[in-house]
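# Close look at the chain arrangement
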Amino acid sequence: MNFKTVKHSIPKVDANGLMRGLPAYTDDLTDENALIIKCLRSPHAFAKIRSINTEKALQLNEIECILTHKDVPRIPITRAGQGYPEPSPKDYFILDEFVRYVGDEVAIIAGRSEKSVQKAIKLIEVDFEVFEPVLDFEKAENHPSIIHPEKEIYTMFPMGLDAQKNVACSYTNTMIVGDVNKTLAECDVALNHRYYTHAQQHVAMEPHSSTAYLDYQQRLTIISSTQNPYHTRRIIGEALQKPLRDIRVIKPRIGGGFGGKQQIHNDLFSAIVTLKTGKPSKCIYTRKEVFESTFTRHEMRFDIQLGADKNGNIHALDIQLLSNTGAHGEHALTTFMVAGSKLLPMYNKATALRFEGKVVYTNRCPAGAYRGYGAIQANFAVESAIDELAHKLQMDPVELRLKNSIKEGETSPVFKVMGEGGEGIEQKMESCKLDYCISRGRDLIKWKQKFPFLKIAPNKIRSVGTAIAMQGSGIPLLDMGSAIVKLNDDGFFNLLVGATDIGTGSDTILTQIASEALDVPIDRFVITSSDTDVTPFDVGAYASSTTFVTGNAVRKAAENMKKKIIQTGAKIWQIDEKQITFQNGILKSKDGLKTITLKELSEGLYYSFAEDMEQLIASGSNTSPKSPPPFMAGFVEIELDTETGKIDILDYVAVVDCGTPINPNLAKIQVEGGVLQGIGMAMFEDVKYSKNGRMLTNNMMNYKIPNRCDVKKLTVELAESYDPAGPYGAKSVGEIGIDTPLAAIANAIYNAVGVRIRTLPLTPEKILNGILKNEKR
Amino acid sequence: MIFYRPNNLKNLFELLENSNATNYFLAGGTDINLQTKNIPKNVNIFYISHLNVLRNITEINGHISIGSTATFSDILHSDYLAKHLPFFQNSLKFFASPIIQNLATIGGNIVNGSPTNDVSPLLLILDAKLELISKNNSRIIPFNSFYRGYKEFDLQKNELVKAILIPKNAENNLETFYQKVGARNSLTISKITVAGLKFIENNRIKKIKIAVGSVNEYPRRLVNLENYLITKRINEIKKDELTKIIAVEITPISDFRSDQNYRFVVCLNLIEKFLGINF
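Not measured: the values here are computed from a predicted model.

### Here we look at the overall build of chain A
Each helix and strand counted, chain A has 19 helices and 27 strands in total. Taken against the 2.2 N^0.38 rule, which gives 28 Å for 777 residues, the C-alpha radius of gyration of chain A at 27 Å falls within 12% of a compact globule. The principal-axis extent of the C-alpha atoms belonging to chain A is close to 90 × 75 × 50 Å. Going through the 777 residues of chain A one by one, you find that 65% of them count as buried. Here the contacts in chain A between residues at least 6 apart in sequence split such that 80% fall between residues at least 24 apart. For chain A, the accessible area works out to roughly 27,500 Å², and carbon and sulfur atoms hold 50% of it.

Put into structure tokens, the structure is as follows:
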């Protein structure tokens, strides 16, 4: 299909200013007199504040405000920025008498200089009653320490919250298709293994940042590094018991989110300090606070049962999951459910499917949203198990996947049974090039020559591994996006979207969609995202929703604008609309006698058309019963050093079906970034705690993310694909890249040296230990 | 804490003499962030990175002299080193990151005294010496004797490392080995580092030097191992003997970067690799 703007790799529309380092981010935009906010944080993993004395600290010259749990409204909320009613337990108070992890907030301190605030923090006297913390999530349920003993916490719909047992939610007896136990018993080959995935940090370049001020009407304005300004406004309104009309949230440029900014973070602190003092304030987290006191990925444990006949037809798949949500239940249920809903449909030939489990509280840094969102964790477990099954069947793991994976035109009963937080919606795969992705990736990595391994030196083995993945494109009939297109004099347009570009490039691709739909060159658009006073509603940047959900809203808005322009032409020329064309920004009558440029039209509309003067403005909203999944096949070639257990990634091949890539270059770098973050989780990153629950990996020296020397080559290809439900055939692509590296690398390690690692991360220590064990055998 | 930036060496020694607090030298400073908590309040800090007299890389009396404030970028770009000590130079290619290479100094790396530092195993096998200076004195000591314990050095009050001297022919006609194992390929702290030099004639070990980092309280030569290996034929080396000697000479620990067993096994494997034996 031929497009004018869509499917073209234009540069990002915000690149110029960002590359020049011009002020764009939250901290760049703060009032220079803003009070500095810092928190006194808990040194204990679990304790109760017996007493807290702020007198000495308050006497300091520059200190304006110190807030403890006695000074803030006690309203149970959830900080998870997701749909409403929220599918997360409301188990958080702005400040509480309990502290539930090391780094939890004890008090909020605001002052006129950072120095004075730091000094004040040291002068606050706190008497803690320290409890035994719950640090091991496998021992959390029924632990004598109850992390949330408070009576007020609740959920907005039943999700199995049982705080007395440290259970945030549970999900059983629902996602069951067929008779799993019976089918497994009848299988020629069956396996049952336990897998562990660890927590991961987002490590966005920009720390979590928030600033607040009151405007001259005493309305609270918050500028925040948020992925979801509308949810932020709603949650702040709830927490501070303020009508939403009194709150404005502005999202400037964001230096990366990856899900880490999908929760409310320091916005609550800047909002409350500004409301209490009437002064502008700002709270910019340090890297240590980002590590210790925001959110990580959910740690998970999977028990996988998988069964097939001897010909390699998979008949049964059972997933039993235990997830660790840390001190609060943000995204507890939904990440859990995504672990099932984005994995089970991939093997849709199986007749018996089951997915159950629980999410528990622990005294660790809360877990929250993170790119991949449950799917990546389950991908490690299931895609490792698929390889283990292939080995038992003595089948090529690529063949096993080709044989059993979902194809275009097919469906899975899972779509109907489970969505995010509740029931899902049935859908057929109108675009699914997964089989192409698998076979193309196999060719690109040269699987047939390299599988399972090649010994290239006495201590060096090269091997290949694979995994496949699916994600979603927003949440069906829950995610809603909208757009406004406004014509200005001089003939350019404002494109107003609530969708939040957090570095992803969504401003660029949405402008491309508008340009395509309206048939106006791209430089005639000025996009604004996002400001709750100015831009229309959007759920925000999460769940791979923007391209698909907001993209369609932008297309509708732009098409509506095109209609209005043609109607205007008909009116001023007194001819039928059908006699008018609008192409490349020029309005023409079909007989060629009349033409008018956008510039002339807009001048007329706003200055000279007399009674025909009118503001042209069009909007579009979109939600969809569909969430067409992007698919991907990941193939890795590693070189394993048998003397050190170290692996090097020689090449990572990602072949992705994301429908039409609106901007192929941006789609590719979304995948590249995702793959790299997945490799990081697989090999380098690990959130480690001391015995007392203090985070040891709370800086970038101890928490290693991969750097340029760690991956030799990334090969990303986009499959030719078109999804009729998406804007110009597009599906979303934000998350899919991250899912496969965990299992693909684990499988490659097995193929190289026969060491099966079922507990992440895949460290040289585990590999070498496995090699030594195999030698002893 | 008072921070001094002396104009020249003379000025530095005057300031040192007049200081009545504990004196610290600061060169490069890329590791200072980690140590600010441990530095007592009442100290004087003397910044020396800008003193070019300490930064030269030159040739003196058959040695390459590397000034203590030479940065790792200086070292990586030095023609002298490329010509005479290419193994030394190439081994440091993946030291830290380019940003840190531009600032971090070789003297700082040594005197920082981290058991995991990347440079010391190299200097140990290359028979490096240190030129130390104080106000009225200067002396040259073998690098081998510089470390006395964890972060303890053969340095007197107000004495500093002026230069590192490496014999110009230290690498000549020798087989060289350097491998650092870290969590990732660059900008990483070593879990274990092994450096070695050997000369084998008629299948017999004629010359051998092995130094390891990250497995003792400071980087050191494995002298007993060298004594065991010298004059042996490669095929006379016994796995159990090798293991036994190394087990005594290194004392790896488990920490959050790695574990004791891994460090031991990898140390052994790398030494075997260096020796070219495959049991």
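From this point on, the discussion continues.
### A closer look at the environment of Arg257(B)
Within the fold, Arg257(B) resides in the loop between helix 10 (239-249) and helix 11 (260-275). Measuring from C-alpha to C-alpha, the distance between Arg257(B) and Lys191(B) comes to 6.7 Å, with 66 residues separating the pair along the chain.

### Remarks on the domain arrangement of chain B
Residue and element names in this part refer to chain B. You can read the domains of chain B as domain 1 (51-167) and domain 2 (175-275). Here domain 1 and domain 2 have C-alpha centroids that lie 22 Å from each other. Each partner contributes to the interface: domain 1 provides 23 residues, whereas domain 2 provides 25 residues. Between domain 1 and domain 2 we count three salt bridges in total. A salt bridge links Lys-180 to Asp-118; the nearest nitrogen and oxygen atoms lie 2.8 Å apart. Where domain 1 touches domain 2, the interface holds six residue pairs in polar contact (both at pLDDT 80 or more).

### A closer look at the packing of helix 19 (residues 764-776) of chain A against helix 11 of chain B
Direction vectors running N to C along helix 19 of chain A and helix 11 of chain B enclose 70 degrees, while the axes themselves pass 10 Å from each other. In terms of orientation, helix 19 of chain A lies roughly perpendicular with respect to helix 11 of chain B. Note on element contacts: helix 11 of chain B touches helix 19 of chain A through Tyr262(B), Val265(B), Val266(B) and Asn269(B), opposite Pro764(A), Glu765(A), Leu768(A) and Leu772(A). Tallied by class, the residues present in the contact of helix 19 of chain A with helix 11 of chain B amount to six nonpolar, one polar and one charged.

### A word on the packing of helix 10 (residues 397-404) of chain A against helix 12 (residues 434-445) of chain A
Residue and element names in this part refer to chain A. Remark: helix 10 packs on helix 12, axes separated minimally by 9 Å, with the N-to-C direction vectors making an angle of 165 degrees. Relative to helix 12, the element helix 10 lies roughly antiparallel. The hand of the helix 10/helix 12 crossing is left-handed. Touching Val-398, Glu-399, Arg-401 and Leu-402 of helix 10 are Asp-435, Ile-438 and Arg-442, all from helix 12. Looking at the contact of helix 10 with helix 12, its residues break down into three nonpolar, no polar and four charged.

### What about the pattern of salt bridges?
Residues and elements named next belong to chain A. Inspection of the entire model under this criterion finds 75 salt bridges over all chains. Note that Glu-430 is salt-bridged to Lys-626, the shortest N-O span being 2.5 Å. Of this pair, Glu-430 sits in the loop between helix 11 (414-417) and helix 12 while Lys-626 sits in the loop between strand 24 (617-622) and strand 25 (631-641); the two residues are 196 residues apart in sequence, bridging distant segments of the chain. By relative accessible area, which is 32% here, Glu-430 ends up partly exposed. A relative accessible area of 30% places Lys-626 in the partly exposed class.

### Here we look at the pairing of strand 5 (residues 105-111) of chain A
All names here are of chain A. Burial within strand 5 is extensive, with seven of its seven residues counted as buried. With six bridges joining them, strand 1 (residues 35-41) and strand 5 adopt antiparallel strand pairing. Pairing of Cys-39 across the sheet is with Ile-108, part of strand 5. Strand direction decides the pairing type here: strand 3 (residues 63-67) and strand 5, joined by four bridges, are antiparallel. Across the sheet, the residue bridging to Ile-63 is Gly-111, located in strand 5.

### A look at the side chain of Asp303(A)
Residue and element names in this part refer to chain A. One can find Asp-303 in strand 13 (residues 299-308). Within the local environment of Asp-303, its side chain forms a polar contact with the side chain of Arg-194, the two groups lying 2.8 Å apart. If sequence neighbours within four positions are ignored, Asp-303 has contacts with His-193, Arg-194, Asp-318, Ile-319 and Gln-320.

### Considerations on the nonpolar core
Residue and element names in this part refer to chain A. Grouped together as the largest cluster of nonpolar side chains are 114 residues, with contacts concentrated most on Phe-302, Phe-355, Ile-745 and Ile-749. Apart from the residues within four sequence positions on either side, Ile-745 is in contact with Val-636, Ile-647, Ile-649, Ile-679, Ala-682, Met-683 and Leu-762. Counting residues in each nonpolar core, the second largest holds 41 residues, with Ile-513, Val-554, Trp-573 and Phe-582 among its members.

### So, the packing of aromatic side chains
All names here are of chain A. By the definition in use, this model includes 23 aromatic pairs over all chains. With a centroid separation of 4.9 Å and 55 degrees between ring planes, the pair formed by Tyr-230 and Phe-537 is classed as tilted. Taken together, the residues Tyr-230 in helix 5 (residues 229-240) and Phe-537 in the loop between strand 20 (525-528) and helix 15 (546-573) connect sequence positions 307 residues apart. Given the relative accessible area of 6%, Tyr-230 is considered buried.

### Observations regarding the pairing of strand 27 (residues 714-718) of chain A
Residues and elements named next belong to chain A. In this structure, strand 26 (residues 647-657) lies alongside strand 27, joined through five bridges in parallel fashion. Residue pairing for strand 27: Val-655 is matched across the bridge by Glu-717. Each parallel crossover has a hand, and for strand 26 linked through helix 17 (residues 664-683) to strand 27 it is right-handed.

### Let's talk about the domain arrangement of chain A
The extent of an interface is frequently quoted as the accessible surface area lost upon association of the parts. All names here are of chain A. For chain A, the assigned domains are domain 1 (26-131 + 208-284), domain 2 (299-475 + 626-776) and domain 3 (479-622). Contacts between the two partners involve 20 residues from domain 2 and, on the opposite side, 21 residues from domain 3. Buried surface at the junction of domain 2 and domain 3, summed over both partners, amounts to about 1,500 Å²; 60% is from carbon and sulfur atoms. At the junction of domain 2 and domain 3, the tally comes to zero salt bridges. Between domain 2 and domain 3 we count eleven residue pairs in polar contact (both at pLDDT 80 or more) in total. Along the lines of polarity and charge, the residues of the side of domain 2 that touches domain 3 split into eight nonpolar, nine polar and three charged.

Cut-offs and rules
- Sequence order as written defines residue numbering, which begins from 1 separately in each chain.
- Each chain takes a letter, starting from A, and each ligand takes a number, starting from 1, following the order in which they are written.
- The model is predicted, so local features are restricted to residues of pLDDT at least 70 and side-chain atom pairs to those at 80 or more, both for listing and for counting; the totals for chains, interfaces and linings are taken over all residues.
- Only heavy atoms go into the side-chain values, all of them from the structure, while hydrogens and water stay out.
- Working definition: helices are DSSP H or I runs of at least four residues, strands are E runs of at least two. Numbering for both runs from the N terminus.
- The globule rule is 2.2 Å times the number of residues to the power 0.38, and the radius of gyration it is compared with is taken over C-alpha atoms.
- A 1.4 Å probe rolled over the protein chains alone gives each residue an accessible area, and that area as a share of the maximum for its type sets the label: buried under 20%, exposed over 50%, partly exposed in between.
- Contacts were defined at the residue level, with two residues in contact if any of their heavy atoms lie within 4.5 Å.
- Note on areas: these come from Shrake-Rupley sampling with a 1.4 Å probe, and a residue is covered only by the protein chains present in the view.
- As annotated, the domain borders come from an automatic or database domain assignment.
- By definition here, a salt bridge exists when the distance from a side-chain nitrogen of Lys or Arg to a carboxyl oxygen of Asp or Glu is within 4 Å.
- Here a polar contact means two N or O atoms within 3.5 Å. Within protein one must be a hydrogen donor candidate and the other an acceptor candidate, and residues neighboring in sequence count only if both atoms are side-chain atoms.
- Every axis corresponds to a line fitted to the C-alpha atoms, with the helix fit spanning only the stretch in contact, and the corresponding angles, defined between N-to-C directions, vary from 0 to 180 degrees.
- Note on angle classes: values under 35 degrees are labelled roughly parallel, values over 145 roughly antiparallel, values of 65 to 115 roughly perpendicular, and the remainder oblique.
- Classification convention: Asp, Glu, Lys, Arg as charged; Ala, Val, Leu, Ile, Met, Phe, Trp, Tyr, Cys, Pro as nonpolar; all other residues, Gly among them, as polar.
- Here is the rule for handedness: rotate from the far helix to the near one, and if that takes an anticlockwise turn smaller than a right angle the crossing is left-handed, while a clockwise turn gives right-handed.
- Pairing between strands requires that DSSP locate at least two bridges from one strand to the other.
- By nonpolar core is meant a set of buried Ala, Val, Leu, Ile, Met, Phe, Trp, Tyr and Cys residues that side-chain atoms within 4.5 Å join together.
- Each aromatic pair joins two rings of Phe, Tyr and Trp (for Trp, the six-membered one) with centres within 6.5 Å, and gets the label stacked for planes under 30 degrees apart, edge-to-face for over 60, and tilted for any other angle.
- If the strands point away from the viewer and the path from the first strand over the helix to the second runs clockwise, then the crossover is right-handed.
- Note on definitions: buried area is the accessible-area loss of two parts on being combined, 1.4 Å probe, summed for both.

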